[in-house]
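Fold and contact review
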Amino acid sequence: MFSLHKTKGGVHPPQCKDMRDFACTPIAPPERVRIPLNMHIGAPAKPVVAEGDHVYVGTLIGRVDGLGSPIHASVSGAVESVSVEELPTGATATVVQIHSDGKMEADPALKPPTYSSKDEFIACVRDSGMVGLGGASFPTWFKMRAPEGKSFEFLVVNGMECEPYITSDYRQMMEHSGRVIDGVRRAIDALEIPAAVIGVEDNKPEAILELTRVVKEKGLEDRIEVMSIPTKYPAGGEKVLIKATTGRDVPAGGLPIDVGCLVVNVTTISRVEQYFRYGMPLTSKTVTVTGDCIANPGNYRIPIGMSVRDVIEAAGGTVKEPRKIIMGGPMMGRTLTDIDCPLIKANNAIVALHDAAVLPDETACIRCGRCVRACPLSLSPFALDGASRRHDAVALDELAVMNCMECGSCAYVCPAHRRITAAIREGKAAYRGEVARLAAPSKAAAPAEPAKAEKKEA
């Protein structure tokens, strides 16, 4: 059904997949969790609980209208507070703090959902609270809605996990291969998609064999294909994976639906199937906790809202002082300045580094062109770097800054050690601000009232 296609750019950082053979282990619930209500792209959820309310695992605590995703309690216990806080990212959000009773009792109202149409299926996915678990946090239900006049030809399941250190998706494919394939079949049936491909990097041969075995066992070879893709970062980028598996190029500024594709992370599709089987919405994440500072690194199942500090302590603490703690992988993750921040839906790794955390100082760009050759989207990172630092909105527009996927390949190959990705991220923010300013209605001052002529006395 599918054939492998060559993609542009990319790099080969050390894999560091040391946790690949460590089965996922549940972590005991912490004393409290703090759950932000903005854990997705779109409008933040509005709280539907108040201080003193008792909640169970899976109880709805945040509801959202329009683009967004509902949010559910990850532990059972009492709501301690519902307050607006500033998060370490700089964003302000409503946070629901729950004191755990340690029982982890599931909400008795939960039950497996049923559906009889495409729209009902999508509504069920919305109720699950599912977002992209590969890190994008885009509401899954919204992605499944094909705009009028367009349709999905392929479901592309992203099992690449090309980011160094992270192995949570790999464990999902190894431990829940049947659930992954059942989820793929359910999605293509409900959404009326003719075929699906699961892309997996060839550095995960065991996962490829396991998924292929289940596809054959279930007699789905004519509808689902598992494709081995050469290991190269960022082969798991949405546009890169579409090109590799279908040969189609998503246009600049376009979306996968523009080339007939729906792209879903492998753990996302597995957890969607879990929801349809048991009725439990998204309340926990499988997270790789690793790095040379962690005493007991591994893959852990963690309640959403648990603090990074509590997660590290549950993993045995640290054996040496971390110089850097990254939420996510070293290529696209973000360095934490506050480890009391909560784990959210998009997080799939915590990497605590000491030896590998020291980066050389930046020097001037030497125009060598390595960043251009490494860019998977054929951009000019060195030029974007300069325009971003100058906050030059015109140049950023001409250089298509918003097409950058922030994969970090440019910074990885830069011999001058330029922080290109960080600069472009800042440039994007400046560009969005300038676009918003220009799009805002003009607030020209109203003309002053003409002075009234004084009445002359007779």
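How each quantity is defined
Residue positions are given per chain, counting from 1 as you read along its sequence in written order. Where totals are concerned, whole chains, interfaces and linings use all residues; where local detail is concerned, this predicted model gives features only for residues with pLDDT of at least 70, and gives and counts side-chain atom pairs only at 80 or more. Based on all heavy atoms of the structure, the side-chain values leave hydrogens and waters out of the count. Here a strand is any run of E in DSSP of at least two residues, a helix any run of H or I of at least four, and the numbering for each starts at the N terminus. Grouping buried Ala, Val, Leu, Ile, Met, Phe, Trp, Tyr and Cys residues that are joined through side-chain atoms within 4.5 Å yields what is termed a nonpolar core. Throughout this description, buried means an accessible area under 20% of the type-specific maximum (1.4 Å probe, protein chains only), exposed means over 50%, and partly exposed covers the range between. Contacts between residues were defined by any pair of non-hydrogen atoms, one from each residue, lying within 4.5 Å. In this description, strands pair whenever DSSP reports at least two bridges between them. Pairing of aromatic rings covers Phe, Tyr and the six-membered ring of Trp, with a centre-to-centre limit of 6.5 Å; geometry is then stacked below 30 degrees between planes, edge-to-face above 60, and tilted otherwise. As a per-residue quantity, pLDDT reports the predictor's confidence and falls between 0 and 100. In this scheme, a helix's expected span is set at 1.5 Å multiplied by one less than its residue total. Where helices are involved, their axes are fitted lines through C-alpha atoms of the stretch in contact, as for all axes, and angles between N-to-C directions lie from 0 to 180°. Just to be clear on terms, a salt bridge is a Lys or Arg side-chain nitrogen sitting within 4 Å of an Asp or Glu carboxyl oxygen.

1. Focus: unusual backbone geometry
With an omega of 0°, the peptide bond between Y233 and P234 qualifies as cis. Even without being glycine, E192 reaches a positive phi, approximately 60°. One non-glycine residue, H417, lies in the positive phi region at around 60°. Relative to the elements of secondary structure, H417 occurs in the loop between α12 (409-413) and α13 (420-439).

2. Quick look at the nonpolar core
Formed by 57 residues in total, the largest nonpolar core has its most connected members in I61, I98, L155, I181, I198 and I224. Per element, the largest residue contribution to this core is 6 residues, and it comes from helix α4 (residues 177-190). Among all residues touching I224, those that are not within four sequence positions of it are M1, I181, V184, R185, I188, A196, I198 and V215.

3. Description of the sheet that holds strand β8 (residues 92-100)
Taken together, 4 strands build an open sheet; the order of strands is β2-β8-β7-β4 and the sheet is antiparallel. Because the sheet does not close on itself, it has two edges, and the strands there are β2 (32-36) and β4 (54-55). By the bridge criterion, 2 bridges tie β4 to strand β7 (residues 77-86) in an arrangement that is antiparallel. Within β7, the residue paired with H54 across the bridge is A78.

4. Focus on the packing of aromatic side chains
This structure, assessed with the given rule, holds 7 aromatic pairs. On the numbers, 5.2 Å between centres and 65° between planes, the contact of Y115 with F121 is edge-to-face. Taking relative accessible area as the criterion, Y115 reaches 29% and is therefore assigned partly exposed. A network of ring pairs unites the aromatic residues Y115, F121, Y275 and F276 as a single cluster.

5. Re the confidence of the model for the protein chain
Predicted coordinates in regions of low pLDDT should not be interpreted in detail. This prediction gives the protein chain a mean pLDDT of 93; 96% of its residues lie at or above 70. The low-confidence segment residues 448-458, where pLDDT is below 50, has 0 contacts with residues more than four positions distant or belonging to other chains.

6. Digging into α4
If you check α4, its first and last C-alpha atoms are 20 Å apart, about what 14 residues at 1.5 Å a residue would give, namely 20 Å. Counting buried positions along α4 gives 10 out of 14 residues, so the element sits mostly inside the fold. Those residues of α4 that fall on the buried side of the exposure criterion are S177, R179, V180, I181, D182, G183, V184, A187, I188 and A190. Following α4 by one or two positions, E192 adopts a phi angle in the positive range, close to 60°.

7. Details of the sheet that holds strand β9 (residues 154-158)
Strand pairing in a sheet is mediated by backbone hydrogen bonds. Such pairs are either parallel or antiparallel. In spatial order, the strands read β11-β10-β9-β12; together these 4 strands make up an open sheet with parallel pairing. Sheet topology places β11 (224-229) and β12 (261-265) at the edges, where each strand pairs with a single neighbour. The sheet shows a mean angle of 25° between the axes of neighbouring strands, taken without regard to direction. By the bridge criterion, 6 bridges tie strand β10 (residues 195-201) to β11 in an arrangement that is parallel. Counterpart to V197 in the pairing with β11 is E225.

8. Considerations on the pattern of salt bridges
Overall, the coordinates contain 28 salt bridges when judged by the stated rule. Residues E206 and R20 are paired through a salt bridge, measuring 2.7 Å at the closest nitrogen-oxygen approach. You can see E206 sitting in helix α5 (residues 205-217) and its partner R20 sitting in the segment before β1 (25-26), a full 186 residues away along the chain. With a relative accessible area of 17%, R20 lands in the buried category. Across the pair E362 and R389 runs a salt bridge whose closest N-O atoms are separated by 2.7 Å.

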